[in-house]
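So you can see what is in the structure, the chains are spelled out below.
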Amino acid sequence: MTAAGLASAQPGGGADAPGSAEQAGRLRLDGLTKVFRTRGADPVVAVDKVTLDVAPGEFITLLGPSGCGKTTTLRIVAGLEEATGGHVRLDGQPIDALPPQRRPMAMVFQSYALFPHLTVEQNIAYGLRVQRRGKEETETAIRIALTSMNLVGLENRSPHELSGGQQQRVALARALVVQPKVLLFDEPLSNLDAKLRGAMRAEIRRIQRRLGITSLYVTHDQDEAMTMSDRIVVMNKGRIEQVATPADIYFRPATVFVADFIGRANFIEVVPEQVDEGGATVTALGRTMTVPAHPDVRPNAGAYLMVRPETLSLAPAPMGGVGTVLRATFHGHSVDYEVETNAGTLAVTVPGPDPRTLLDEGANVSVAIDPARAYVLTKS
Amino acid sequence: MTASLTAAGPDAPAGPPGARRPRRRRELSVLLAVVACAVLVLVGSVFPIGAVLSAALSGEALPRYAEFFTSPVDLRILANTLVLGLLVGVAGTAIGFLFAFVQTRLDVPGKRVLHVMALVPVISPPFAVATATIVLFGRRGLVTHGLLGVEYDIYGLDGLVFVLSLSLFPVAYLGLLGMMRGLDPAMEEAAMTMGASRWRVFRTVMLPLLAPGIAAPFLLLFVEAIADLANPLVLGGDYTVLAGRAYLAVTGEYDTTSAAVYSLILLVPSLGVFLAQRYWLSRKVRTTITGKPSGSVHLITGWVRWPIYGLAVFVALIIAMLYGTVLAGGVTKVFGVDYTLTFDHLREVVLGVGREALADTTTLAMIATPVAGIFGMLIAWLVVRHLGRLGGWLDFAGTLGVAVPGTVLGIGYLLAYRPDRYIGDVLVLPALVGGGAVAGGAAAIVLAYIVRSVPAGLRTGTAALSQVHRSLEEASTNLGAGPMRTFRTITLPLIRPALLTGLSYSFARCMTSISTIILLVTPGTQIITSQILSAAGTGRYGVAFAYCTVLTVIVLAGFGVIRLLVGRTATLNRIAEGRQR
Amino acid sequence: MMTFPHRTSRQPSTERRPHTGAPYRRPRLTAALAITGAVAIAGTGCARTDAPGGQAATADAGRVTVACGATEEWCAAMASTFTAKTGVKADFVRLSSGEALARIQAGRSNTEFDVWHGGPSDAYAAAAEQGLLEKYVSPNAAAIPAKYKDADGDWTGVYVGVLGFCNNTQVLAEKGVKAPESWADLAGPGLKQNVGIAHPSTSGTAYTTLWTQVVLNGGTPEGALAYMRKLHPNVLQYSKSGVAPAQQAARGEVGVGIVFSHDCVATQEQGFPHLKLTFPAEGTGYEVGGVAVLKGAHNPVSAKKYVDFALTPAAQELGPTVKAYQVPTHPDAKRSDKVVDLNAVRLVDYDSAAAGKAKADLTRMFDDQVARAPKA
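Residues numbered from 1 in each chain as written. Chains lettered and ligands numbered in written order. Predicted model: local features only at pLDDT ≥ 70, side-chain atom pairs only at ≥ 80, totals over all residues.

Quick notes on the overall build of chain C
Link 1 in the chain: Across its full length, chain C carries 14 helices and 12 strands.
Link 2 in the chain: By residue count, 53% of the 376 residues in chain C fall in the buried class.
Link 3 in the chain: A fraction of 77% describes how many contacts in chain C between residues 6 or more apart in sequence connect residues 24 or more apart. (Helix = DSSP H or I, 4+ residues; strand = E, 2+ residues; numbered from the N terminus. Buried ≥ 20, exposed ≤ 12 C-beta atoms within 10 Å, placed from the backbone. Contact = placed C-beta atoms within 7 Å.)

Following this line, the structure appears as structure tokens:
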């Protein structure tokens, strides 16, 4: 019995929301806004006009620093918070008036929220019992869930008798077994140790792909977002900075914030001479090159040239070069250099360094930019 | 940037122009719960207090205030009341602190026994101690006259302070115990490593930190002391207090206006201090003593512990003596004069005239306790989870039952519910109080019991709910369960230990309650505490003691039954805290 | 040097709503408010002090509720004997005189009691004055002497009690004081804080004492209060119940208790030694214990049956069986030898009608001027 069995063994969907089976799970957030008002303090805008389209079966991650509004957005979708403005639509129908228990969604909480007084089996069965599925149906569903989540033998344990990873899986099973149209994840892996986290990431992604359930995932860990998502929504201060695939986020960040939040980036101030289909023509570190650019970049207006540290190459230049090594940090598998240039202090990462070519502090170097992997951003 | 709500703004999604954004409808079950709680609180507390206020501020009442504040006799009564409150507050808190200190900071044997002794007064009726005090320490008291040959007039302020301190100190003790356990020993350790002696540490570190925590039980004891009716009636002598005066105004003269005036004058310090303690002080306490203590407690092992311990043991012995007297007095002919063993008193109580009182009181308490428990939990749940600002009002109204002196509440019931209430010729609310009323007046008594017990359930419920992580309830909702179902299947099982405590305390309180219901007793409803008062008042101490003993037995039996019914406790508590970040 | 935008959060974490995290943010409680509003209006509905419609004179549930003014045992004996004799169930509540009057007043529109039995007639007279009693002349009342019943038939007397001093000889010996033989003796210096008396507001016994002082001191309230003021320093405390002073004397808490003589005898019988009765030479007051039907009684027929019963010799002979030694009013009732001989004591001219009329004012004056004064 595979995880796919989870979906196919149950006749039809038990949920309320309208929409045909193929369309099931198209989520649209329309100008969602949430303002918190507390007496004696200024109102806080936690979510600011968030608009997002999620295709059925898509895995979308909300990524951002703490306080950026990603969890609040998730909770609004779940119905646990009421939005101040905007709408949430599921398969074309607005669901704002529906209380959380009537939304065909299931959530996996950061603390797992397993009911401590119920056994594993009772926890998983909870949603089914609320829906009043028949005894046989429920038992079958539970059996499948236990098998596919590798929890066989733990049915009668209490949550506090399980390890962190096992609790995680129970929480996931509990959410999946009610056949939601949308799966919501609120930083579910942050309580696990690194190794387990990696394994669980893969597990969640695998299940989600097989079942094809639309998923909304919140995390502040960019690595998690990059490895798991179909698309990433980078949020900052309640606003969406960019919605794109991991590759696009990485190579073509829309704003300085996104570029800096994902991975590391160097920003060199430039003024593009010309902007056309092929990109922007800029001069940096003494070279003129044509670099892919953000659509909003205009010629003769200040912009940033974003260069990732691993795309810069260094070569010793004893006869004066472009820069001087300020510091070298040896990681074993790579070396990080801080290089002082006339364009500022650049971070350079050299992967798999040759021990014979390690540079010392104070060395003069030439720095080469790979135009194909650089990107020009507006200064906003 | 603020967002406007209606969809009329320019960035609204397409829809019929002027269409309002669909507002979330409140859950029906939550609404019903709110209505039920609101009705209970209104009928049980707000209306009676309102009746007292309207009588106290009516035209006929106003000249009474001038009379009161110009009459030296009345002013003396007011002074008496406040002085009593102050002294009991100090004495009771001191004793409570002593016991708490011994428990948490001294290395001495027999701590468990001391702990149990400190809690004995909770389950006994208020004037058990008073009557025993007269017998032991009165003019012909066994100890004062018999042992020491002293003729000591125990009636009056000294007797009252003695009795009330011993009866009320458990409240202070429990509060201070929790607080001292929560005090981080690392602070004391830090002070010690800097060279401070233990006494200096106590003076400069412990006491200042505990100060707001000590003020809280002091204020609480003050409120309870000025509201007390039973002890002044038995032991007051000529030391008249406001509660007693108000009571006499009703029973002796049926002068409800005067009674209302006295009630209002009593209500002001009572309510004021109670509010101060709850809303201002408790906030301060929370900020100074929080969190999990690290480090280990250094128990005092020097010689200095023995005098302190001795003091506590001395107090415990007095308590033991008093309750021993109660027990013995119930089975001797006339304790202090004639020590022949007799079961006549017990016979009268259990088989004779007292039988109806036992049955009535226990029945009414058994009806009231679960209702109070449920409503206490329900209000706590609504206030903590579902209502915003409105919740504060509901919480306050729910606590009124205890913030207001019992006598005042009783008078309020008399004023509000004795007459039938009509609008035109239509009977809107039949009389609830008095022999001719609904259920022979039992309805009012049950209501009074409930209203006086809800606050305790509310307090434990609020504390317990804040331990249950919100995500558990959210998960349940997320899986499709409505608020009521979530409450029933998730929340309630997890707060069961609190429910157990709340129910037990409610039952004990109902059974030992006197000041409210003494004015509500009717021929059809005999109440044990009223019988005790009558027996003590006519000098039939043996019977009074027998009643007290039987009452305590019933309360303990009730504890057992509740524990059996409500079930297992223990481990769930810790787990319910959930996985925190 | 370039500064890059940092990843620090500059806002407070706002992802949870600041204090409760309540998902339902805006309470829409209109329905709830409507319902509670309805209850509120109901609560302010006018209180009617007159019950609508009259009570049919023959409506009767076959039971009777008694407000009983004598001791608990006496009340119980009366009730059970009545039930045994007539089959009508009887409930009682033991109340001291002032309390009983107050409760009957309070229950004016909806009486809890059917009959008032026992307790001094002063209170009955006061009640009659306020229209709280139902006139009923029982056929059995013919045998009762005229001075022991109300001329208008409001109440009839069932026993007589004489006010006396209940002395604890041991305490008095310790204090070196003789047992008082007069009111003057009682107020004397030797008995400081050693006299027990009840409060006239609640206790019929104490009110009888007070009215006796009125009679003995020129028939004016001022005269009575003057004596009480003299007595005040000797009083330990004004107890609520009239029989308490006997108990206090018996236990030795006071040297002398002012009670009806039968209470002193009864206390002696409880097993207390050292008790001796004396009577004031100037003259003492007495009470006539009454029985009456209350106006608006729910069980008027049974009530009348009860009154008939109370006036029979058999009922009046129940007293001694429960250690109650009042003098029965029915001439045919057998008198126990523990009952006081009315001819041996000097009685004052006690007008209970006048006493009853003056009760409210006199007790208030007493309370204000005497009771709460300091004992210095």
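Focus on the overall build of chain A
Link 1 in the chain: Across its full length, chain A carries nine helices and 21 strands.
Link 2 in the chain: Each principal axis of the C-alpha atoms in chain A carries an extent, and together these give about 80 × 45 × 45 Å.
Link 3 in the chain: Looking at chain A residue by residue over its 380 residues, the buried ones come to 48%.
Link 4 in the chain: For chain A, the share of sequence-separated contacts (at least 6 apart) that also reach a separation of at least 24 residues comes to 69%.

Quick word on the nonpolar core
Link 1 in the chain: Val376 of chain A together with Val115 of chain C are the most contacted members of the largest nonpolar core, which has 391 residues in total.
Link 2 in the chain: By residue number, the principal contributor to this core is helix α15 (residues 354–386) of chain B, which donates 15 residues.
Link 3 in the chain: Once you skip the residues sitting within four places of it in the chain, Val376 of chain A turns out to touch Val270, Pro272, Ala280, Val282, Val291, Ala293, His294, Val297, Ala303, Tyr304 and Leu305 of chain A. (Core = buried A, V, L, I, M, F, W, Y, C linked by C-beta atoms within 7 Å.)

A short note on the domain arrangement of chain C
All names here are of chain C.
Link 1 in the chain: Under the domain assignment used here, chain C contains domain 1 (63–160 + 287–342) and domain 2 (162–286 + 362–371).
Link 2 in the chain: Centre-to-centre separation of domain 1 and domain 2, based on C-alpha positions: 25 Å.
Link 3 in the chain: At the interface, 18 residues of domain 1 touch 18 residues of domain 2.
Link 4 in the chain: Those elements giving two or more residues to the side of domain 1 that touches domain 2 turn out to be α3 (97–106), β4 (115–120) and α4 (121–129). (Domains from an automatic or database assignment.)

Some details on the domain arrangement of chain A
Link 1 in the chain: What the domain assignment lists for chain A is domain 1 (3–251) and domain 2 (266–378).
Link 2 in the chain: On a C-alpha basis, the centres of domain 1 of chain A and domain 2 of chain A stand 40 Å from each other.

Side note on helix α3 (residues 120–130) of chain A
All names here are of chain A.
Link 1 in the chain: Of all 11 residues in α3, eight are buried, a share of seventy percent or more.
Link 2 in the chain: Residues of α3 that are buried: Val120, Glu121, Asn123, Ile124, Ala125, Tyr126, Gly127 and Leu128.
Link 3 in the chain: Next to the buried residues of α3 lie α4 (135–148) and α5 (164–176).
Link 4 in the chain: Residue Arg132 follows α3 closely and has a positive phi angle near 60 degrees.

Re the sheet that holds strand β4 (residues 85–90) of chain A
Residues and elements named next belong to chain A.
Link 1 in the chain: The strand order across the open sheet formed by four strands is β2-β1-β4-β5, and the pairing between neighbours is antiparallel. Looking at strand neighbours, the two that pair on one side only are β2 (44–54) and β5 (93–94), the edges of this open sheet.
Link 2 in the chain: Where β4 and β5 come together, two bridges link them in antiparallel fashion. When the bridges of β5 are listed, Arg89 appears paired with Pro94. (Pairing = 2+ DSSP bridges.)

Some remarks on the confidence of the model for chain A
All names here are of chain A.
Link 1 in the chain: Looking at chain A, the pLDDT average stands at 87 and 93% of residues meet or exceed 70.
Link 2 in the chain: Averaged pLDDT values for the elements of chain A fall to 43 in helix α1 (residues 3–8) and rise to 96 in strand β3 (residues 59–63).
Link 3 in the chain: Below pLDDT 50 for its whole length, residues 1–21 participates in 47 contacts with residues either more than four positions away or in separate chains. (pLDDT = per-residue confidence, 0-100.)

Thoughts on the sheet that holds strand β16 (residues 312–316) of chain A
All names here are of chain A.
Link 1 in the chain: Read from one edge to the other, the open sheet built from five strands follows the order β16-β20-β17-β18-β19, with strand pairing classed as antiparallel. The sheet terminates laterally at β16 and β19 (344–351), the two strands that pair on one side only. Each strand of the sheet is rotated relative to its neighbour by a mean of 40 degrees, with strand direction disregarded.
Link 2 in the chain: Pairing of strand β18 (residues 334–341) with β19 involves eight bridges; the strand directions are antiparallel. Bridge pairing in β19 places Ser334 opposite Pro351. (Axes fitted to C-alpha atoms, helices over the stretch in contact; angles between N-to-C directions.)

Points about the pairing of strand β6 (residues 156–168) of chain C
Residue and element names in this part refer to chain C.
Link 1 in the chain: Where burial is concerned, most of β6 is hidden: 13 out of the 13 residues are buried.
Link 2 in the chain: Here six bridges tie β6 to strand β11 (residues 286–294), and the two strands are oriented antiparallel to one another. By the bridge assignment, Tyr159 is partnered in β11 with Gly289.
Link 3 in the chain: Of the strand pairs in this sheet, β6 and strand β12 (residues 327–328) are connected by two bridges, and their pairing is antiparallel. What sits directly across from Tyr159, in β12, is Pro328.

Details of the confidence of the model for chain C
Residues and elements named next belong to chain C.
Link 1 in the chain: Averaged over chain C, the pLDDT score is 80; the fraction of residues at 70 or greater is 83%.
Link 2 in the chain: This model gives residues 1–28 a pLDDT under 50, and the stretch forms 53 contacts once residues within four places in sequence are excluded.
Link 3 in the chain: Confidence over residues 45–57 falls short of pLDDT 50; this stretch has 22 contacts with residues more than four positions distant or in other chains.

What to know about the packing of helix α13 (residues 305–329) of chain B against helix α23 (residues 541–566) of chain B
All names here are of chain B.
Link 1 in the chain: Put simply, α13 and α23 touch, their axes get as near as 7 Å, and they point 110 degrees apart. Taken together, the axis directions place α13 and α23 in an arrangement best described as roughly perpendicular. Contact residues: Val326, Leu327 and Gly329 in α13; Tyr541, Gly542, Phe545, Cys548 and Thr549 in α23.
Link 2 in the chain: A breakdown of the residues in the contact of α13 with α23 according to their chemical character gives five nonpolar, three polar and no charged. (Parallel < 35°, antiparallel > 145°, perpendicular 65-115°, else oblique. Nonpolar A, V, L, I, M, F, W, Y, C, P; charged D, E, K, R; others polar.)

Quick look at helix α2 (residues 72–86) of chain C
All names here are of chain C.
Link 1 in the chain: For α2, which comprises 15 residues, the first-to-last C-alpha distance of 21 Å matches the rise-based estimate of 21 Å (1.5 Å per residue) to within 8%.
Link 2 in the chain: Taken together, the buried positions of α2 are Glu72, Trp74, Cys75, Met78, Ala79 and Phe82.
Link 3 in the chain: On its buried side, α2 packs onto β2 (63–68), β3 (89–94), β4, α11 (300–310), α12 (313–316) and α13 (318–321).
Link 4 in the chain: The positive-phi residue at the C-terminal boundary of α2 is Gly87, with phi of around 80 degrees. (Expected span 1.5 Å × (residues − 1).)

A short note on unusual backbone geometry
All names here are of chain A.
Link 1 in the chain: The residue Asn150 is not glycine, and still its phi comes out positive at about 60 degrees.
Link 2 in the chain: Summarising the element assignment, Asn150 is placed in the loop between α4 and α5.
Link 3 in the chain: For Asn300, which is not a glycine, the phi torsion comes out positive at approximately 60 degrees.
Link 4 in the chain: Within the secondary structure, Asn300 sits in the loop between β14 (287–291) and β15 (303–307).

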